[in-house]
Amino acid sequence: MMTTAYVTPSPHTVKQWQLECLGLLAENTVKSIRVSSSKIQTTGSLNTRFSTWTPIANKSFNKQLFEERVSLISHWFNLWTDKQRKQFLHRMLMRCSKSQLKFTQNWLAEKIPVTKVDFTRVLPRFISLYIFSFLSPRELCAAAQVNWHWKFITEQDCLWVPKCVKFGWFLPYTPADNEYSAWKRHYIACASSLDYFTPREATEIYGTLNEPKAENEEQEERLREKWLRKIIRERLALHKKELFKARLPWMSGTWSSRFFKSRLQPSQAQTIQDRARLQAALQLIREKSALSNHTLSMLLSEEMKLAAEKQLVLASLKTLPKRKNVTGSRSDPVLPYKHCQRVYQKHSSFAYPLEPYLVLISSRIPAYEMVLDSIKPGVIPVLYEHCGLTLESLLFYIEKALDGRKAKSIGIFSDGNSREINLLQGCRISIENILSPEVREFWEKLGCVMSPEEGGYVDIFVPLAASEAGMEVLSQLTQLTGVLFRTPTGIATGSYQHILSEWLGKQKDGPPTSTYFTEVKLQTWLRMTELLEEALKSVRKQMRPYLSELQKSISDRIIGQVMFDAVSRTKVHTSQETALTFTDGLADLSKRSFEEDAKEAATLSQKPNCSIRANEPTFEAVAQLDKKLQKDTADRRTRIARELLTSEKNYVHMLETVRDVYVTPLKAALASNRAILSHANVQIIFSDILDALQLNRQFLNELTERLQEWSPSQCLGEIFTQFGWQLQTYTNFFNNYTVILKTIDMCRETIPLFRAFLKRHDKTVVTNMMSLQELLLCPSKRFEEYLNLLYALRLHTPSEHADREDLTAAIKMMKQYKEYIDQLKLNMSKDEQMLNAQRIIQGCPNLLEANRYLIRIQDVTQFSCCSEEICVSFRLYEHISDLSLFLFNDALVISNRSISYVPFERTPKTTYQFLASVALHRLVVEDIPCSKYIKNAFILQGPKRQWICSIEDEDDKFTWLSALQSAINCSIEKN
C-alpha cells in the first residue's frame, strides 16, 4: 500500500503562484484556491506540479514532473537577460561531470563546426616567424595589414635583418630594448631612397642591348682584342725568361726538385694566381674598351708590376727568421708530430675545392689534438697559438691557408662565454671593444675572404646567442662583415656541451658541427673535456690557498726586481757605502790640522815609488764634497722627520675616528638610558684603544714641537726612547686583542641594536671604508712603520751626531716590541691550527694546551705482521686500514682515515676518527728494512700497543722520520 505524502497547496498556474508569492492576490481568490487544493488532497490526487517532491517509484509521474520543471525553467530562461543567461549556463556547466562536458563539446562541434583558425594564435611564436621568413618584403607589408597580431609578428627584427643585410643596408646604431620594427623602417627608408631608372629612361641614357653595331666598330673591337692578346703573350714570355734566369744552375725541372726550389722562385700556386690575375686584368680591359691603346698598355704594365712586387715581398717574408713571442715560443702554429703531415697535406692547392670550409682552432681548447682528429676531409684546419699572437698574424695564417681562394664558411673554435669571445690572449671580443680599430679591421678583412655567394656563414662555437650582450656582438659583427653568423644558443649545459645545442641561424645541411667535424669523435672529445673540467675544479679548490700565497710572493719579487732594475742596485750600494766612508773620513780629517796634512803629503811626494796623481782630489774638492754630502744628508733627514710627523698625524686621526664614530655614540646611548651596549662591554672593547690614543696624542705633540724648531742638529731619538718606556698600554691592548674581537662578534650576534649600529657606521667615508675590526689592526701595523722610519732616520744621521745613540736605542726597543707582536701572531696561528686539527678529528680530546703547536701531518698505511717468528726479509704483512699521524711538539695523535664519496662529485670526502695519543718521550720508533713484501715501513711503539706503518714515497718517509726524531729529542730534553 502506497503511503500518501504531504503536498503543499499551490496555485493552479504559474502566474497565480508568482502573484501569491508577491502578496498581490485577493483574499477571496486565495481562499478559493486553498479550498480547491484541499479538495484535491482529500480526493488523493497526486497533482505535484509545483512541489519539490519527485516520485521515484512511479516512472510516469516522474517523467511528467521532469517535463513540467523543464518547461518552467525554459519559461524563466526566456524571461532572463543575456547576462543572466550566461551566468546560469556557467553555473550549470560547473556542476556537470566530465562525460556531460564531453557530450556538450561534441554537440557544439556538430552544430557550430570550426572552419577557420588563425595559425599564429595556435602555433608557437618561433614557428610562425619561420613561416613568415619565406615572404618577400612586399608580402610582409601586406600581411601586416591583416590585424594587430599579424602586424606585431611581421615587423619583428629577426625577419627584416636578413633582408637588409642581403643588400648591405646596416643600421648605424644598435636598437634599444623597447624599440620596435627598427629594421623594417630602415629597409623602407633605404628602398625609397634608391636611384633607379625606368626601362625607357635607361634606353635613352645607355641605349638598348639589342641595338646593332656598325661594321667598322665590330672590326675595330676585334683588332683591339687581337692586339691585347699579343701584348699579354709577350709579357708572359718575358716573365718566364726572368724566372729562368733567377733559377740556380743546379736546379732541374723535374718533379723531385720542387723540394729544393729557391725562395725567390714562385710556387705553382703563385703562378696560377698570376695567370688568374692577368686574365682578370684582361677582362677589365675588355669592359673598358673605350680607352686608348696607350692607356691599356699602362694599365697592363702596372698590373704586372704589382704582381711582381707582391711576389718579391712574400718571398722576402719567407726568408726572414721566425718571430718569437713573449713566452719564447714561435708565433707559427705548433702541432704535434703526428698532425704535421696531415695539416701540410691539407694546405695543398689541389686538395680542396675552390670554395672550401675553414675552421680556426685555438690552442687554449683542452685536448685540441682530438679536435684535429675529428675534422672531416675537405675542411682546412688552422691551429693557432692563443698566447703571443696578434689579430694581424691570425689573419695572415687564414689567407695563407686559403691560398687565394674564397672560403664558403669559416668556423671559429675558441674559448669564451655568452658575452665575449676569448680569441687571443689579451684580445677578448666583446661589445666594449668590437669597434676598436684593430678588432674592426680584423673582422672586415675576414668578411673579405668569404665567398660572395649566398649560403656562407661564420660559425662561432661560443654560446653568444644565450645572452643579450652576445646578440649585440653578433649584430655588430654582421654589420662589419656583411656575413651571417651562427652560434649555439647554449641550452645544453656542461663543459663545451653548448656546441651540441640548437644554433642560431639557418641550417639547411644540418648543424654546423656536422659541417666541420665527425660527430662520434667530437662527442668523445666532449666527454673528455667534461672529465678534465671536473678534475680541474677540485685541483683549483685545493690549490687556491697555496697559489694565492705564491702569487703574492712572486708579485713582491717582481716589484723588487723592477725597482732595482730602474734604480740600479750598484747605485744603491755605492751611495750607501760612499756616504758612510766619506762621513767617517771627514770626521778624522777635521781632527787634523792643515799643516800635518801638508807635511804628510810632502813626505809622500819625496818617495821615489810614490807620486801624487793628477786626478786625485784636492783638499778643497773634498771639502766641497763634504759640504754637499752633509747638505744632502740633512735634507733627507728632514724629509724623513716630516714623513714621521705626517704618518703619526694620520695614525692619531684613525684612533680619533674610533673614538668619535663608535665610542662617543655608545656612551651617549648609555647616558640617555637607551643603551646599545652595556658599560662592561664598552670598557672591554674600547678602553685599551682609548689609552693608546692618549699616549699617541702626547707623542704627537712632542714631535710637533721638535719639528717646529727643526734644525740639522735636532734630536728625535730621545722622544722615541721615552715613548718606548710607556708601551705597557699597547701590551694590554695586544694581550686583550683576542678577547676584544670575540666580544665584538658575540655582541653583534646577540644584540640587534649593536648589529644595526655597526652596519650604519662600518665602511663609511669617515672610517676610510674600513670596519671596526680593520681599524683595530692599525696599532700592529704602526709599529712596523715606526721601525722602518727609525732605520731610515739613523741611516741619514751622521755617526758623530748626538741623536745617533738615542736612535740606536729606540730601534732596539721597537725591534723587541715588534718581535713581541710577531710572537703573539705566531701563537694565535698555532692555536688556530690546534683548533682546526681538533675540529676535523672526531672524538679527539682537548688539544689546546700552553706551548703546544702542530708540526706535521702524515698519511700512512697500517699493516699487521702475519708471523713475527719468520725472518724479517720474508715476513708477510696484511693491510688493515689507513691512518693519519698528527705530530705535535710534545705528542703524537693517531687517527683512522676514511674516504667516502659524495653523489655528483668526483673528489672524495676525508674523515678522521681518533684512535690514540702518545707522548713523544714515551714513543719508540723502529725502522723496517725494505723487502719484497713491504716498502718504506716503520714501527711506532707506544706504552700499550704498536703500529706498523708504511709511506708510499721514500722521500716522504725520510722527511717524516727526521721531523719525528727531532721532536722526540726535544721532548726528552724538556722532560
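What you are looking at is a predicted structure, and each value in this text was computed from that prediction instead of being measured.

(A) Summary view of the overall build of the protein chain. Along the backbone of the protein chain there are 34 helices and 16 strands. For the protein chain, with 975 residues in total, the buried portion stands at 32%. A sequence separation of at least 24 residues applies to 64% of the contacts in the protein chain between residues at least 6 apart. By element, 56% of the accessible surface of the protein chain is carried by carbon and sulfur atoms, the whole surface being about 63800 Å².

(B) Main features of the sheet that holds strand S9 (residues 841-842). The strand order across the open sheet built from eight strands is S9-S13-S12-S11-S10-S16-S15-S14, with neighbouring strands paired in mixed fashion. Where the open sheet ends on each side, the last strands, each with one partner, are S9 and strand S14 (924-928). Where strand S11 (residues 877-888) lies against strand S12 (residues 891-900), five bridges are found, and the strand directions are antiparallel. When the bridges of S12 are listed, Leu-883 appears paired with Asn-896.

(C) Just a positive patch on the surface, in detail. A contiguous patch of positive charge, built from Lys-537, Arg-540, Lys-541 and Arg-544, is present on the exposed surface. Given a relative accessible area of 51%, Arg-544 falls into the exposed group.

(D) Structural context of the packing of aromatic side chains. What the rule picks out here adds up to 39 aromatic pairs. Here the aromatic rings of Phe-167 and Trp-169 are separated by 5.1 Å at their centres, their planes lie at 25°, and the arrangement is stacked. For Phe-167, a relative accessible area of 49% puts it in the partly exposed group. Here Trp-169 falls in the buried class, since its relative accessible area comes to 15%. An angle of 75° between the planes, with centres 5.3 Å apart, marks the rings of Phe-442 and Trp-443 as edge-to-face. Using a relative accessible area of 1% as the deciding quantity, one classes Trp-443 as buried. Chaining the aromatic ring pairs together yields one cluster made of Phe-699, Phe-720, Phe-723, Tyr-730, Phe-733, Phe-734, Tyr-737, Phe-783, Tyr-786, Tyr-817 and Tyr-820. In this arrangement the basic side chain of Lys-830 is found over the ring face of Tyr-853, its NZ or CZ atom lying 4.0 Å from the centre.

(E) The layout of surface pockets, seen in detail. What the second largest pocket holds in volume is close to 2300 Å³. Residue assignment for the lining of the second largest pocket shows that the elements contributing at least two residues are helix H7 (125-132), helix H10 (157-166), helix H20 (468-481) and strand S8 (484-486). For the lining of the second largest pocket, the per-class residue count stands at 23 nonpolar, 12 polar and 13 charged.

(F) Main features of the sheet that holds strand S6 (residues 427-429). Taken in spatial order, the three strands of this open sheet run S4-S5-S6, and their pairing is antiparallel. Pairing within the sheet leaves two strands with one partner each, and these edge strands are strand S4 (415-416) and S6. Of the pairings in the sheet, the one linking strand S5 (residues 421-424) to S6 comprises three bridges and is antiparallel in character. Among the inter-strand pairings, Ile-421 is bridged to a residue of S6, identified as Ile-429.

(G) Seen up close, the pairing of strand S3 (residues 409-413). Burial within S3 is extensive, with five of its five residues counted as buried. By the alternation rule, side chains of S3 split into Ser-409, Gly-411 and Phe-413 and Ile-410 and Ile-412, which are all buried. The sheet contact formed by strand S1 (residues 357-362) and S3 spans five bridges and is parallel. Each residue of the ladder has a partner; that of Val-359, found in S3, is Gly-411. Two strands pair when backbone bridges link them, and S3 and strand S7 (residues 457-460) are joined in this way by three bridges, in the parallel orientation. The residue of S7 that forms the bridge with Gly-411 is Asp-459.

(H) Structural view of helix H18 (residues 391-402). Under the 1.5 Å per step criterion, the end-to-end length of H18 is 17 Å for 12 residues, consistent within 8% with the ideal 16 Å. Every buried residue of H18 is listed here: Leu-391, Ser-393, Leu-394, Leu-395, Tyr-397, Ile-398, Ala-401 and Leu-402. Summarising the contacts, the buried residues of H18 are in contact with S1, strand S2 (379-384), S5, S6 and helix H19 (437-448). A positive backbone phi angle near 60° is found at Asp-403, which sits one or two residues after H18.

(I) Fine view of the nonpolar core. Among the nonpolar cores identified, the biggest contains 61 residues, and Phe-686, Leu-716, Tyr-730, Phe-754 and Phe-783 are the most heavily contacted of them. For Phe-686, the contacting residues outside a window of four places in its chain are Val-658, Tyr-662, Val-663, Leu-666 and Leu-772. Counting 38 residues, the second-largest nonpolar core is a separate cluster that includes Leu-394, Leu-402, Leu-424 and Leu-464.

(J) Spotlight on a negative patch on the surface. Together, Glu-952, Asp-953, Glu-954, Asp-955 and Asp-956 give the surface a local cluster of negative charge. Structurally, Glu-954 can be placed in helix H34 (residues 954-974). By relative accessible area, Glu-954 is classed as exposed at 57%.

Rules of the game
- Residues numbered from 1 in each chain as written.
- Predicted model: local features only at pLDDT ≥ 70, side-chain atom pairs only at ≥ 80, totals over all residues.
- Heavy atoms only, no water.
- Helix = DSSP H or I, 4+ residues; strand = E, 2+ residues; numbered from the N terminus.
- Buried < 20%, exposed > 50% of the residue type's maximum accessible area, 1.4 Å probe, protein only.
- Contact = heavy atoms within 4.5 Å.
- Areas by Shrake-Rupley, 256 points an atom, 1.4 Å probe, with all protein chains shown as cover.
- Pairing = 2+ DSSP bridges.
- Patch = residues over 30% accessible without salt bridge, like charges linked within 9 Å, V, L, I, M, F, W, Y side chains within 5 Å.
- Salt bridge = Lys/Arg side-chain N within 4 Å of Asp/Glu carboxyl O.
- Lys, Arg positive; Asp, Glu negative; His and termini not counted.
- Charge placed at Lys NZ, Arg CZ, Asp CG, Glu CD.
- Phe/Tyr/Trp six-rings, centres within 6.5 Å; stacked < 30°, edge-to-face > 60°.
- Lys NZ or Arg CZ within 6 Å of the ring centre and 35° of its normal.
- 1 Å grid on protein atoms, 1.4 Å probe; cavity = no way out; pocket = protein on both sides within 12 Å on 5 of 7 lines; lining within 4 Å.
- Points joined across faces, edges and corners; volume = space filled by probe spheres on them.
- Nonpolar A, V, L, I, M, F, W, Y, C, P; charged D, E, K, R; others polar.
- Expected span 1.5 Å × (residues − 1).
- Core = buried A, V, L, I, M, F, W, Y, C linked by side-chain atoms within 4.5 Å.

By themselves these figures say nothing about function.
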